[in-house]
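Inside the fold
Each chain is listed here by its residues.
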Amino acid sequence: MDIPPQQPTTQFLTLEESAQVDAALLSSSEKFLTRLTISSLKLLQHIAQEYGVAMEDLTTQQVITWFEKDAKIKREQGIEASYLKW
């Protein structure tokens, strides 16, 4: 049985960043929110790059449209073809 090679996945939080968050003097819920915020920053940077705009110029509609496009790719071509792997 042939198993297709795995494509590298995008990491939204590196091990070093995760360790920095772990070392911070924050509660568990604050650490979760910090990880989520760092990951969101990286995703917004990616979306802005795809649109060819500065991140601060992204609109709500562009973000929604990007998520709709990525979800459609996932449904039609499979999770490995989409940017978000969850």
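Anyway, here's the lowdown on the structure attached to this text. Given the structure is predicted, the values throughout are model-derived calculations rather than measurements. (Residues numbered from 1 in each chain as written. Predicted model: local features only at pLDDT ≥ 70, side-chain atom pairs only at ≥ 80, totals over all residues. Heavy atoms only, no water.)

1. Here we look at helix α2 (residues 28-51)
In this model α2 runs 35 Å from its N-terminal to its C-terminal C-alpha over 24 residues, within 8% of the 34 Å that 1.5 Å per residue would give. Buried within α2 we find Lys-31, Ser-39, Leu-43, His-46, Ile-47 and Ala-48. Where α2 is buried, its residues meet α1 (15-23) and α3 (60-77). Gly-52 lies just past α2 and shows a positive phi near 70 degrees. (Helix = DSSP H or I, 4+ residues; strand = E, 2+ residues; numbered from the N terminus. Expected span 1.5 Å × (residues − 1). Buried < 20%, exposed > 50% of the residue type's maximum accessible area, 1.4 Å probe, protein only. Contact = heavy atoms within 4.5 Å.)

2. Thoughts on the nonpolar core
Membership of the largest hydrophobic core is limited to seven residues, which are Phe-12, Leu-43, Ile-47, Ala-48, Leu-58, Trp-66 and Leu-84. Sorting elements by how many residues they give to this core places α2 first, with three residues. Sequence-distant contacts of Trp-66, that is, excluding residues within four places in its chain, are made with Leu-43, His-46, Ile-47, Glu-50, Tyr-51, Tyr-83 and Leu-84. (Core = buried A, V, L, I, M, F, W, Y, C linked by side-chain atoms within 4.5 Å.)

3. A closer look at the packing of aromatic side chains
In total, this model carries three aromatic pairs according to the counting rule given. Between Trp-66 and Phe-67, the aromatic rings sit 5.3 Å apart at their centres with planes inclined by 85 degrees, giving edge-to-face as the arrangement. A relative accessible area of 35% places Phe-67 in the partly exposed class. Between Trp-66 and Tyr-83 the ring centres are 5.8 Å apart and the planes differ by 80 degrees, which places this aromatic pair in the edge-to-face class. (Phe/Tyr/Trp six-rings, centres within 6.5 Å; stacked < 30°, edge-to-face > 60°.)

4. Points about the packing of α2 against α3
Interhelical geometry of α2 versus α3 gives an angle of 90 degrees and a closest axis separation of 11 Å. Taken together, α2 and α3 sit at an angle that is classed as roughly perpendicular. Across the interface between the two elements, Leu-43, Leu-44, His-46, Ile-47, Glu-50 and Tyr-51 of α2 pack against Gln-62, Val-63, Thr-65, Trp-66, Phe-67 and Lys-69 of α3. Partitioned by chemical class, the residues of the contact of α2 with α3 number seven nonpolar, three polar and two charged. (Axes fitted to C-alpha atoms, helices over the stretch in contact; angles between N-to-C directions. Parallel < 35°, antiparallel > 145°, perpendicular 65-115°, else oblique. Nonpolar A, V, L, I, M, F, W, Y, C, P; charged D, E, K, R; others polar.)

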